[in-house]
Amino acid sequence: MTILLVLPFTFAVPSSAADWKDSDCRKDKDDSGNRVEICRDNESIGVFWSDGSFVNGWCDNRQYDIDYKGLSKTEAISWVDYYCN
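The present account deals with the structure reproduced in this document.

Its 12 residues place the ends of helix H1 (residues 73-84) 16 Å apart at the C-alpha level, agreeing with the 16 Å of an ideal helix rising 1.5 Å per residue. Buried-residue contacts for H1 involve strand S1 (25-29), strand S2 (35-40), strand S3 (44-49), strand S4 (54-58) and strand S5 (67-69).

Put into structure tokens, the structure is as follows:
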């Protein structure tokens, strides 16, 4: 007897700058002068700091899917909004 398990299919945003293609990323600085790496493709964005802080989100209407570490949710949403628009 074969059991078929069906799982919902979701797309994950890469969790580090190393997971993105080099052509999708560029260097920038935040308001405090800290270096960040901004990675973006047609749908998603990642912002990565050297201290391990990051923001991952979607540049379409999926703003609720923001994943972040090292900053507040409000700050994370503002990064996504700034670089996606």
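From this point on, the discussion continues.
So, on to the sheet that holds S3. The 5 strands lie next to each other as S1-S2-S3-S4-S5, forming an open sheet whose pairing is antiparallel. Bordering the open sheet on either side are S1 and S5, each of which pairs with just one other strand. The average angle at which neighbouring strand axes cross in this sheet is 15°, direction not considered. Note that S2 and S3 share 5 bridges and pair antiparallel. Residue pairing for S3: arginine 40 is matched across the bridge by isoleucine 45.

So, about the side chain of serine 53. Along the chain, serine 53 turns up in the loop between S3 and S4. Overall, serine 53 belongs to the buried group, its relative accessible area being 10%.

Time to look at the environment of valine 47. Mapped onto the secondary structure, valine 47 falls in strand S3. For the pair valine 47 and valine 80, spaced 33 residues apart in sequence, the C-alpha separation works out to 8.4 Å. Excluding its chain neighbours within four sequence positions, the residues that come into contact with valine 47 are Val36, Glu37, Ile38, Ser53, Phe54, Val55 and Trp79.

Evaluated as defined, the whole model comprises 3 aromatic pairs. On the basis of an interplanar angle of 90° and a centroid distance of 5.0 Å, the ring pair of tryptophan 49 and tryptophan 79 is categorised as edge-to-face. Remark: tryptophan 79 occurs in helix H1 and tryptophan 49 occurs in strand S3; sequence separation between them is 30 residues. Considered together, tryptophan 49 and tryptophan 79 belong to a single accessibility category, that of buried residues. Ring centres of tryptophan 79 and tyrosine 83 lie 5.7 Å apart, and the angle between their planes is 10°; on these two criteria the pair is classed as stacked. With tryptophan 79 and tyrosine 83 both in helix H1 and 4 residues apart, the pair spans about one turn of that helix. No difference in accessibility class separates tryptophan 79 from tyrosine 83, as the two residues are buried.

Parameters and conventions
Residues numbered from 1 in each chain as written. Predicted model: local features only at pLDDT ≥ 70, side-chain atom pairs only at ≥ 80, totals over all residues. Heavy atoms only, no water. Helix = DSSP H or I, 4+ residues; strand = E, 2+ residues; numbered from the N terminus. Expected span 1.5 Å × (residues − 1). Contact = heavy atoms within 4.5 Å. Pairing = 2+ DSSP bridges. Axes fitted to C-alpha atoms, helices over the stretch in contact; angles between N-to-C directions. Buried < 20%, exposed > 50% of the residue type's maximum accessible area, 1.4 Å probe, protein only. Phe/Tyr/Trp six-rings, centres within 6.5 Å; stacked < 30°, edge-to-face > 60°.

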